[in-house]
Amino acid sequence: MPLPPLPTAAIAIGVHVEDWRGAVAAAGDALERSGSTSPEYTKRMIGVIDEFGAYVVIAPGLALAHARPGPDVHAEGLSVVTLAEPVAFGHPHNDPVSVVLGLAVTSGDEHVLLVAELANVFNDPHVIPALAAATDVDSIRSLLGVTAPPEEQ
Amino acid sequence: MKIIALCGVGIGTSAILKVNAERALARLDIEADVTATDVAGVASMGFDAQVILTSSELVEAIGKTNADIVVIDNYFDVDELTAKLETALG
């Protein structure tokens with residue numbers, strides 16, 4: 001199963017942030033812009049890291065920001081943010097982070113296929129540095145193996 | 001055999017860990033049931049697990065367990081998962 005189409009509003013390239021909170025907020029902003037979530041979800045993604053630490057940094061240079069399903073998630077969504085300057089999240093091995101994915105799901109079950117496909121994409125170790133270096137949305141989509149939604153084509 | 005993939009909220013990162021752990025187990029030709037769960041669920045689910053896979057950040061949250069706790073640095077690196085599972089289960 002391929003990943004769902006990725007709207008341009010869900011992608012932000014070369015974002016300037018002060019710290020990991022700013023990086024997660026940028027991923028949340030992109031989810032909001034693409035209609036997936038409300039601002040409350042962004043706060044909850046930051047809250048997960050406040051509570052449990054930087055475990056969301058699951059590979060060198062990559063954070064998968066997420067929170068539980070909730071009323072602030074209107075539709076399943078993925079956002080991709082690349083940072084102009086990498087920031088530390090506090091992970092002992094995988095800092096600094098230059099790519100932040102925002103993930104929002106509406107139920108605990110439906111995301112399994114989505115993340116299985118994410119795992120397929122990122123099993124290729126070249127994808128994270130290539131995403132970090134990408135300068136346009138088409139390159140980002142190409143690296144993830146996704147298309148633009150029909151209304152953008 | 002039961003293996004737990006643990007993350008803070010039980011979706012997203014633990015599901016990625018589960019998918020790649022299953023790939024590593026297939027390489028090792030080991031049959032095991034891999035379950036994704038969250039920090040709140042590990043106390044009840046972890047009592048009969050052989051292995052708990054997680055991030056270094058979450059080890060302290062696991063509490064008392066008889067399972068081997070295996071810390072995974074790169075969740076997408078099936079080679080790392082294969083090597084660490086082979087050591088834990090071998």
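Residues numbered from 1 in each chain as written. Chains lettered and ligands numbered in written order. Predicted model: local features only at pLDDT ≥ 70, side-chain atom pairs only at ≥ 80, totals over all residues.

### What about the interface of chain B and chain A?
By a frequent convention, interface size equals the accessible area lost on bringing the separate parts together. Every contact between the two is made by 22 residues of chain B and, on the other side, 29 residues of chain A. With five residues, helix α1 (residues 13–28) of chain B is the largest single contributor of residues to the side of chain B that touches chain A. Taken together, the residues that form the side of chain B that touches chain A break down as 12 nonpolar, eight polar and two charged. (Contact = placed C-beta atoms within 7 Å. Helix = DSSP H or I, 4+ residues; strand = E, 2+ residues; numbered from the N terminus. Nonpolar A, V, L, I, M, F, W, Y, C, P; charged D, E, K, R; others polar.)

### Topic: unusual backbone geometry
One can expect most non-glycine residues to show negative phi and most peptide bonds to be in trans. Note that the residue after A:D95, namely A:P96, is joined by a cis bond; omega there is -10 degrees. Relative to the assigned elements, A:P96 resides in the loop between β4 (77–87) and β5 (97–104). Phi at B:D29 is positive, roughly 60 degrees, even though this residue is not glycine. The residue B:D29 is located in the loop between α1 and β2 (33–38) in this model.

### Re the nonpolar core
A:A23, A:A27, A:A63, A:V100, B:A21 and B:L53 are the most contacted members of the largest nonpolar core, which totals 77 residues. With eight residues, the top contributor of residues to this core is helix α1 (residues 20–33) of chain A. (Core = buried A, V, L, I, M, F, W, Y, C linked by C-beta atoms within 7 Å. Buried ≥ 20, exposed ≤ 12 C-beta atoms within 10 Å, placed from the backbone.)

### Quick word on the packing of α1(B) against helix α4 (residues 78–89) of chain B
Residues and elements named next belong to chain B. Axis separation between α1 and α4 bottoms out at 9 Å; the angle between their running directions is 60 degrees. On the basis of the axis angle, α1 is oblique to α4. In this structure, α1 crosses over α4, and the sense of that crossing is right-handed. Listed contacts from α4 to N20, A21, R23, A24, L25, R27 and L28 of α1 are V78, L81, T82, L85 and E86. (Axes fitted to C-alpha atoms, helices over the stretch in contact; angles between N-to-C directions. Parallel < 35°, antiparallel > 145°, perpendicular 65-115°, else oblique. Left-handed = near helix turned anticlockwise from the far one by under 90°.)

### Examining the confidence of the model for chain B
Residue and element names in this part refer to chain B. Considering every residue of chain B, the mean pLDDT works out to 92; 100% of them sit at 70 or more. Of all secondary-structure elements in chain B, the lowest mean pLDDT belongs to helix α2 (residues 39–45), at 84, while α4 reaches the highest, 96. Scored as a whole, the predicted complex attains pTM 0.94, and scored at its interfaces, ipTM 0.90. (pLDDT = per-residue confidence, 0-100.)

### What about the sheet that holds strand β1 (residues 2–7) of chain B?
Residue and element names in this part refer to chain B. Pairing is parallel across the open sheet formed by four strands, whose spatial order is β2-β1-β3-β4. Of all the strands in the sheet, the pair left with one neighbour each is β2 and β4 (68–71). Between one strand and the next, the sheet's axes are offset by a mean angle of 25 degrees, whatever the strand orientation. Sheet topology note: the β1/strand β3 (residues 51–54) ladder contains three bridges and is parallel. Across the sheet, residue I3 finds its bridge partner in β3, namely V51. Helix-sheet contacts for α1 involve β1, β2 and β3, and the interaxial angle to β1 is about 145 degrees. (Pairing = 2+ DSSP bridges.)

### Topic: the environment of B:Y75
Turning to its location among the elements, B:Y75 is positioned in the loop between β4 and α4. C-alpha of B:Y75 to C-alpha of B:L53: the two residues are 22 residues apart in sequence and 9.9 Å apart in space. Every residue in contact with B:Y75, bar those within four places of it in the chain, is listed here: A:I58, A:A59, B:T13, B:I16, B:L17 and B:N20.

### Digging into the pairing of β5(A)
Side-chain direction in a regular strand flips from residue to residue, so the side chains alternate between the two faces of the sheet. All names here are of chain A. Burial within β5 is extensive, with eight of its eight residues counted as buried. Both strand β3 (residues 62–66) and β5 contribute to a ladder of five bridges, which runs parallel. Bridge pairing in β5 links H66 to L103. Across seven bridges, the pairing between β4 and β5 is antiparallel. By the bridge assignment for β5, T82 is matched with V99.

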